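Listed below, chain by chain, are the residues.
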Amino acid sequence: EVCNAVSMLVPSLVGLCCWTYPPEGFSRGPRTAGLLLAVLVHAPFSLVYHFLLACRALEDAIDNWSRILDQVFIHINCIIFTWLLSTNILYPVIWTL
């Protein structure tokens, strides 16, 4: 579970580093900003859930608020990523519904 939590830190840190010190060919556009924002918003909920599991601090590992919030933000990120990465308008609309 600690590895799961750390795995959420890596994309956040890489995204922040690329945004702060952009490598050659990196574009700071609205899509890039949206992807970074989505990852950064989801990260705290995922970190809390996985650290609570690692510490065995949850009474029920499946039925709890931290897991629900983690999964909600996973689904929200999937929708955001679909809108930002797709050039076809129909595909994200279908996924949003």
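Shown above is the structure to which this text applies.
Residues numbered from 1 in each chain as written. Predicted model: local features only at pLDDT ≥ 70, side-chain atom pairs only at ≥ 80, totals over all residues. Heavy atoms only, no water.

**Re the overall build of the protein**
- Broken down by element type, the protein carries four helices and zero strands.
- When the helices and strands of the protein are listed from N to C terminus, the series reads α-α-α-α.
- Burial analysis of the protein (97 residues in total) assigns 25% to the buried set.
- In the protein, the share of contacts with a sequence separation of at least 24, taken over all contacts with a separation of at least 6, comes to 53%.
- By element, 71% of the accessible surface of the protein is carried by carbon and sulfur atoms, the whole surface being about 6800 Å².
- In the protein, 4 side chains carry a positive charge and 6 a negative one; their mean positions are 11 Å apart. (Helix = DSSP H or I, 4+ residues; strand = E, 2+ residues; numbered from the N terminus. Buried < 20%, exposed > 50% of the residue type's maximum accessible area, 1.4 Å probe, protein only. Contact = heavy atoms within 4.5 Å. Areas by Shrake-Rupley, 256 points an atom, 1.4 Å probe, with all protein chains shown as cover. Lys, Arg positive; Asp, Glu negative; His and termini not counted. Charge placed at Lys NZ, Arg CZ, Asp CG, Glu CD.)

**Focus: unusual backbone geometry**
- Despite not being glycine, Arg-56 shows a phi value in the positive range, around 55°.
- Positionally, Arg-56 belongs in the loop between α2 (30-54) and α3 (65-85).
- Arg-56 gets classed as exposed once you look at its relative accessible area, which sits at 76%.

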